[in-house]
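Now for the letters of each chain:
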Amino acid sequence: MIVAVAALPWECAVLRRRLRHLTRWHLGGKIQAWVGEAGGTSMGVVQSGVGLVRAEAAAARALADGGATLALSFGCAGGLVPGLSPGAIVVADRVIDASSNTASMVARAERERLLAAANRAQLAVHEGAVVSTPRPLLSAAEKEHAARNFGALAVDMESAAIAASAERRRIPFACVRAILDPVTCDLPEESLIDPASGNPRPLALLRYLWKRDNPVGELRKLNGLKRQAEEGLDRLFAAWHDLVQGEPKRQRKERTF
């Protein structure tokens, strides 16, 4: 079974739309998860919430029974280098934990399959390192520093934890991210997303927009970034869905931990 982990509800929804026979996957606690089929392959989609700690907990639960053939980290990311526009796809060749400066390698076969899917979907695709940080990188200066320090193309807050969980269980790992905010885009100092649920925080969003000279334009900008990242992931998974049919078929069942 492929176990795909993302932080946010909208990220998970992109992949869930591609699955047939979708049912709830009961992992326990407050973890939201679903299981379905793609091209005859069983696939679990797990919403971890934001950050390394939540991603580690969700991945550990989902990978605990040893039935996974692949652990996939997916979703949006921040761009760290020029030329990565919103919606561009980054397929990781390694994932770096910024706290320990340790790298986890990505399964070559799945990396090549993701690259093939992005090319089939005629997406702008880049291959390189993704770095996972314990907090968001808010400014262009922070992003440029991370690019120099880690040699990474993109930044997220979950992939290193998912990779480590898979590595401990000797499960192949892959990572694909769609760019949300390019390197030149500064992010709000106050998080607009609840880290546990992944849902927008209305009061934080209102406070942020209240300080803008053009709040309507700013809201359209934020929605536009999300829409482009979502479209990139959707097109990628539409093509990837056809390519995963080469995975061994496994019987689907409800799981409880």
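Just above sits the structure.
First, a word on what this report is: a plain description of the structure on this page. (Residues numbered from 1 in each chain as written. Predicted model: local features only at pLDDT ≥ 70, side-chain atom pairs only at ≥ 80, totals over all residues. Heavy atoms only, no water.)

1. Section: the overall build of the protein chain
Short version of the rule: Under the scheme used here, helices are H or I runs from DSSP no shorter than 4 residues and strands are E runs no shorter than 2 residues, and both carry numbers assigned from the N terminus. Radius of gyration here is computed from C-alpha atoms only, and the compact-globule reference equals 2.2 Å multiplied by the residue count raised to the power 0.38. A 1.4 Å probe rolled over the protein chains alone gives each residue an accessible area, and that area as a share of the maximum for its type sets the label: buried under 20%, exposed over 50%, partly exposed in between. Contacts: residue pairs with any heavy atoms within 4.5 Å of one another. Only the protein chains shown count as cover for residues, and the accessible areas themselves come from Shrake-Rupley with a 1.4 Å probe. The charge count treats Lys and Arg as positive and Asp and Glu as negative. His and the chain ends do not count. Note that the charge is assigned to NZ on lysines, CZ on arginines, CG on aspartates and CD on glutamates.
Looking only at helices and strands, the protein chain has seven helices and 10 strands in total. Over its C-alpha atoms the protein chain spans a radius of gyration of 17 Å, differing by no more than 12% from the 18 Å that the globule rule assigns to 257 residues. The principal-axis extent of the C-alpha atoms belonging to the protein chain is close to 55 × 35 × 35 Å. Per-residue burial for the protein chain yields a buried fraction of 53% across its 257 residues. Taking all contacts inside the protein chain whose residues are at least 6 apart in sequence as the whole, residues at least 24 apart take part in 75%. Looking at the protein chain as shown, the accessible area adds up to about 11800 Å², and 52% of this sits on carbon and sulfur atoms. In the protein chain, which carries 34 positive and 27 negative side-chain charges, the distance between the mean positions of the two groups comes to 5 Å.

2. Overview of the packing of helix α2 (residues 52-62) against helix α5 (residues 159-168)
What counts, and what does not: Every angle, taken between N-to-C directions, lies between 0 and 180 degrees, and every axis is a line fitted to C-alpha atoms, over only the stretch in contact when it is a helix. Each helix crossing is assigned a hand: it is left-handed if the near helix lies turned anticlockwise from the far helix by less than a right angle, otherwise right-handed if that turn is clockwise. As a working rule, the residues Ala, Val, Leu, Ile, Met, Phe, Trp, Tyr, Cys and Pro are called nonpolar, Asp, Glu, Lys and Arg charged, and the rest polar, with Gly in that last group.
The N-to-C vectors of α2 and α5 enclose an angle of 35°; their axes lie 8 Å apart at closest approach. Relative to α5, the crossing made by α2 is right-handed. Each of L52, A55, E56, A59 and A60 in α2 lies in contact with α5, whose residues at this interface are A160, A161, I162, S165 and R168. Residue classes in the contact of α2 with α5 are distributed as seven nonpolar, one polar and two charged.

3. Some details on the side chain of S104
Take S104: it is sitting in strand β7 (residues 102-105). Residue class for S104 comes out buried when judged on its relative accessible area of 9%. Excluding its chain neighbours within four sequence positions, the residues that come into contact with S104 are R94, V95, A163, A164 and E167.

4. What about the pattern of salt bridges?
Put simply, the rule reads: We count a salt bridge whenever a side-chain nitrogen from Lys or Arg sits within 4 Å of a carboxyl oxygen from Asp or Glu.
Counting across every chain of the model gives 14 salt bridges. One salt bridge connects R17 with E230, and the closest N-O pair in it is separated by 4.0 Å. Within this pair, whereas R17 is found in the loop between α1 (9-16) and β2 (20-24), its partner E230 is found in helix α7 (residues 215-243), the two being separated by 213 residues in sequence. E127 serves as the salt-bridge partner of R111, at 2.6 Å between the closest nitrogen and oxygen. Taken together, the positions of R111 in helix α3 (residues 108-120) and E127 in strand β8 (residues 125-132) put the pair 16 residues apart, joining distant regions of the chain. On the basis of relative accessible area, R111 is assigned to the buried category, the value being 15%. Residues joined in a network through salt bridges with shared partners are R17, R18, K226, E230 and D234.

5. A short note on the packing of aromatic side chains
We apply this condition: Between rings of Phe, Tyr and Trp, where Trp is taken as its six-membered ring, a pair exists when centres lie within 6.5 Å; planes separated by under 30 degrees are stacked, by over 60 edge-to-face, and by other angles tilted. To sit over a ring, a charge needs its Lys NZ or Arg CZ within 6 Å of the ring centre and within 35 degrees of the ring normal.
Going through the model one piece at a time under the given rule, you end up with two aromatic pairs. Taking 5.4 Å as the distance between ring centres and 85° as the angle between the ring planes, the aromatic pair formed by F74 and F237 counts as edge-to-face. Pair noted here: F74 is in strand β5 (residues 70-79) and F237 is in helix α7, with a separation of 163 residues, a long-range link. Neither residue differs from the other here; F74 and F237 are each classed as buried. A connected cluster of aromatic rings, assembled from ring pairs, spans F74, F237 and W240. Above the plane of the ring of W34 lies R16, whose end atom (NZ or CZ) is 4.2 Å from the centre.

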